[in-house]
Amino acid sequence: MATEYALRMGDGKRIFLTKEKILSEIEAGTAHAADLGEISALDGNELEKLAEILMMPGKAVSVEHGMEVPVTHDIGTIRLDGDQGNSGVGIPSSRLVGCMVHERAFGADTMELGHIDYSYKPVKPVVSNECQAMEVCQQNMIIPLFYGAMPNMGLYYTPDGPFENPGDLMKAFKIQEAWDAMEHAAEHLTRDTVWIMQKLFASGADGVNFDTTAAAGDADFYGTLHAIEALRKEFPNMYIEAGMAGEMVLGMHGNLQYDGVTLAGLWPHQQAPLIAKAGANVFGPVVNTNTSKTSAWNLARSVTFIKEAVKVSTLPCHVDMGMGVGGIPMLETPPVDAVTRASKAMVEIARVDGI
Amino acid sequence: MASKEELIQELSDAIISCKKDAVLAAVEKAKGVMEPAEIIEKGLAAGMNQVGVLFERGKLFLPHVMMAADAMTAGVKILEADMPAGAQKKTMGVIVNGTVEGDVHDIGKSIVSTMLQSAGFEVHDIGRDVPIKNFVEKAKEVNANMIGLSALMTTTLPGQKGVIELLKEEGMRERVKVMVGGAPATQAWADKIGADCYAENASEAVAKAKELLLGK
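Everything quoted here is computed from the prediction, not taken from an experiment.

S.K.: Would you explain the overall build of chain B in this entry?
M.R.: The number of helices and strands found in chain B is 9 helices and 5 strands. When the helices and strands of chain B are read in sequence order from the N terminus, they spell out α-α-α-α-β-α-β-α-β-α-β-α-β-α. A globule of 216 residues ought to have a C-alpha radius of gyration of about 17 Å, and chain B, at 18 Å, matches this closely. Its C-alpha atoms put chain B at 55 × 40 × 25 Å along the principal axes. Buried residues in chain B amount to 50% of all 216 residues. When the accessible area of chain B is evaluated, it comes to approximately 9500 Å², of which 52% is carbon and sulfur surface. Of the charged side chains in chain B, 25 are positive and 30 negative; the average position of the first set lies 1 Å away from that of the second.

Here it is, written out as structure tokens:
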């Protein structure tokens, strides 16, 4: 009987596959990415290397000596003090303690401070509190500490915001009204984000992290790119990281452009040049995990997309690796075997600059 | 004169172009040659299915999907006069669709609603962050054949199970099919909670709904 290796499904379920099956899953995964993104599939050596990583005997694996990359941590300290409702582990701790634990115990190379709501809009009424927290953290820490949140443009639509929900307008075939709502919301998103970061930067933030950019589609991406552009103009030395929400920019609007490029439907390698053009320092590409497919299929697909993004990007690419992205299963606490294998493959095959 | 295959292609292409004028012209051209039901199913609905695929591939965007659906509705409307008595109002099934409580994700669920509606189902989209009891109440109100349950977070996924349990308590489970979807949902999850089917995307949702409700 052929040897079987322990892998995962995209929902985290343990499965056992032979080397032949693993290779066929890898080939199918890379072909899927190549087809969607109109990019090159992984070559023979890369397929073999990926299979080798997936079949390694240890529960956890790591990169080869000399291939270590910087790691940072998004979502602020919510992973520690949040509960399972927001992907946290429920350890009572202040944000200062959380940031310092990341610096001194987890070995994070950079860290971000974030509010429990973790979107820019809700930070507006508590910005003084955020500034104070930033100052206190900066006084106690050495590693670069950013301020981070999600652009989350959905918060500008009813019932959470002033503009009618374009999804509802679309359903009523009010397409022009939906476009108007998205464009107005994007303007507000840009304005609010810049205003918040002016305050946080004055309070000592080393940079800003736009987490889950384009979650509300192309208008969300549009608003964020303009915020990056405005911040770069006002703060030439500000460190700006822009991470994406998903692999493809959803075309909620469909017509919005940045630098002459239509934003809807862009894949990671097409997003990278625009993030650079806007003035960011680091790009955080994302590839979604399909819960119904194997980790071999998902990881091959993710590595294929990210490898192309790294190839074309003029910025360092710090790939988003976590629950449900980057070939990692969608599970509140992603299994260490899958996380470490996916991370190793991203560094050694996709050649990412950081995680 | 165009062959039936050419007319079917023309109908489908017109839907993919998302232009109402093109769809109406293609329907007028096909009317004398094909039966209304055939025009709808093989031409318009097939085109709509392709629109769904192109949306998922990032080649068409939400406004295009809506414009295509609007054009299809207009095309179906002009065919109604030629349909046998009673067929106009006949739907393929009644579906209540929504995102479960605690989950505000809306886009995917709305696309599924639009695609199901375009395929001929009567769809009642009850929105996002919907309490469990509201699904069951709406299903009672509209005499639904199926409930569609979307969830985009692992933490809200149990809401899908909650609806199935409430359907059982209300004695409605036998007559209401349940479809689940959303990123964290899988066929294994659907089997575990006793859902009738799992659909990975909007096109699959249409195919599975047809399979379950019409045996196609």
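On we go.
S.K.: Would you explain the environment of Ala185(B) in this entry?
M.R.: Along the chain, the position of Ala185(B) falls in the loop between β4 (177-181) and α8 (187-193). Exposure remark for Ala185(B): the relative accessible area of 0% places this residue in the buried category. As for Ala185(B) and Glu101(B), which are separated by 84 residues in sequence, their C-alpha atoms are 15 Å apart. Discounting chain neighbours no more than four positions away, the residues touching Ala185(B) are Thr291(A), Ser292(A), Leu157(B), Gln160(B) and Tyr198(B).

S.K.: Got a minute to help me understand the packing of helix α8 (residues 175-202) of chain A against helix α9 (residues 218-234) of chain A in this structure?
M.R.: Two measures define how a pair of helices packs: the angle their axes make with one another and the distance between the axes. Residues and elements named next belong to chain A. Closest axis-to-axis distance for the α8/α9 pair is 8 Å, and the angle between their directions is 35 degrees. The hand of the α8/α9 crossing is right-handed. Contact residues: α8 offers Met182, Ala186, Leu189, Thr190, Thr193, Val194, Met197 and Gln198, while α9 offers Ala219, Asp220, Tyr222, Gly223, Thr224, His226, Ala227, Ala230, Leu231 and Glu234. Here the contact of α8 with α9 is built from residues that sort into 10 nonpolar, 6 polar and 2 charged.

S.K.: Even after reading the chapter, I still don't get the pairing of strand β2 (residues 122-125) of chain B, so can you show me in this structure?
M.R.: Looking down a regular strand, the side chains alternate between one sheet face and the other. Relative to β2(B), strand β1 (residues 94-99) of chain B runs parallel, the two sharing 4 bridges. Within β2(B), the position partnered with Ile95(B) by the bridge is Val123(B).

S.K.: Sorry, what's going on with the interface of chain A and chain B here?
M.R.: Opposite the 31 residues of chain A that make contact, chain B presents 26 residues. Between chain A and chain B lies a buried interface of about 2300 Å² when both sides are counted; carbon and sulfur atoms form 60% of it. Here chain A and chain B share 3 salt bridges between them. Salt-bridge contacts for Lys171(A) lead to Asp125(B); the nearest nitrogen and oxygen are separated by 3.8 Å. One can count 9 residue pairs in polar contact (both at pLDDT 80 or more) joining chain A with chain B. Put simply, the parts of the chain that give the side of chain A that touches chain B at least two residues each are α1 (19-37), α7 (166-171) and α8 of chain A. Residue contributions to the side of chain A that touches chain B peak at 3 residues, all from α7(A). Class assignment of the residues belonging to the side of chain A that touches chain B gives a composition of 14 nonpolar, 11 polar and 6 charged.

S.K.: Whenever I open this one, the sheet that holds strand β4 (residues 145-149) of chain A confuses me. Can you help?
M.R.: What links the strands of a sheet is backbone hydrogen bonding, and the strands pair in either a parallel or an antiparallel sense. Residues and elements named next belong to chain A. Judged by pairing direction, the sheet is parallel, and its 5 strands sit side by side in the order β3-β4-β5-β6-β9 without closing on themselves. Sheet topology places β3 (111-113) and β9 (282-284) at the edges, where each strand pairs with a single neighbour. Averaged over all neighbouring strand pairs, the angle between strand axes comes to 30 degrees, with direction disregarded. Two strands pair when backbone bridges link them, and strand β5 (residues 207-213) and strand β6 (residues 239-244) are joined in this way by 5 bridges, in the parallel orientation. Residue pairing for β6: asparagine 209 is matched across the bridge by glutamate 241. Most of the contacts of helix α4 (residues 95-104) go to β3, to which it runs at about 170 degrees, and overall it touches β3 and β4.

S.K.: Is there a simple way to think about the packing of aromatic side chains in this case?
M.R.: All names here are of chain A. By the definition in use, this model includes 4 aromatic pairs over all chains. Ring plane angle 20 degrees and centroid distance 5.0 Å describe the contact between phenylalanine 146 and tyrosine 239, whose orientation is recorded as stacked. One end of the pair, phenylalanine 146, is in strand β4; the other, tyrosine 239, is in strand β6, and 93 residues separate them in sequence. Both rings, one in tryptophan 267 and one in phenylalanine 305, keep their centres 5.2 Å apart while their planes meet at 10 degrees; by these two values the pair is stacked. Here phenylalanine 305 lies in helix α11 (residues 295-312) and tryptophan 267 lies in the loop between β8 (261-262) and α10 (268-278), a separation of 38 residues in the sequence. Judged by its relative accessible area of 4%, tryptophan 267 is buried. When the ring centre of tyrosine 156 is taken as reference, the NZ or CZ atom of lysine 121 above it lies at 5.4 Å. The aromatic ring of tryptophan 297 is capped on one face by lysine 293, whose charged end is 5.1 Å from the ring centroid.

How each quantity is defined
- Residues numbered from 1 in each chain as written.
- Chains lettered and ligands numbered in written order.
- Predicted model: local features only at pLDDT ≥ 70, side-chain atom pairs only at ≥ 80, totals over all residues.
- Heavy atoms only, no water.
- Helix = DSSP H or I, 4+ residues; strand = E, 2+ residues; numbered from the N terminus.
- Rg over C-alpha atoms; globule rule 2.2 N^0.38 Å.
- Buried < 20%, exposed > 50% of the residue type's maximum accessible area, 1.4 Å probe, protein only.
- Areas by Shrake-Rupley, 256 points an atom, 1.4 Å probe, with all protein chains shown as cover.
- Lys, Arg positive; Asp, Glu negative; His and termini not counted.
- Charge placed at Lys NZ, Arg CZ, Asp CG, Glu CD.
- Contact = heavy atoms within 4.5 Å.
- Axes fitted to C-alpha atoms, helices over the stretch in contact; angles between N-to-C directions.
- Left-handed = near helix turned anticlockwise from the far one by under 90°.
- Nonpolar A, V, L, I, M, F, W, Y, C, P; charged D, E, K, R; others polar.
- Pairing = 2+ DSSP bridges.
- Buried area = accessible area lost by both parts, 1.4 Å probe.
- Salt bridge = Lys/Arg side-chain N within 4 Å of Asp/Glu carboxyl O.
- Polar contact = N/O pair within 3.5 Å; in protein donor to acceptor, adjacent residues only side chain to side chain.
- Phe/Tyr/Trp six-rings, centres within 6.5 Å; stacked < 30°, edge-to-face > 60°.
- Lys NZ or Arg CZ within 6 Å of the ring centre and 35° of its normal.

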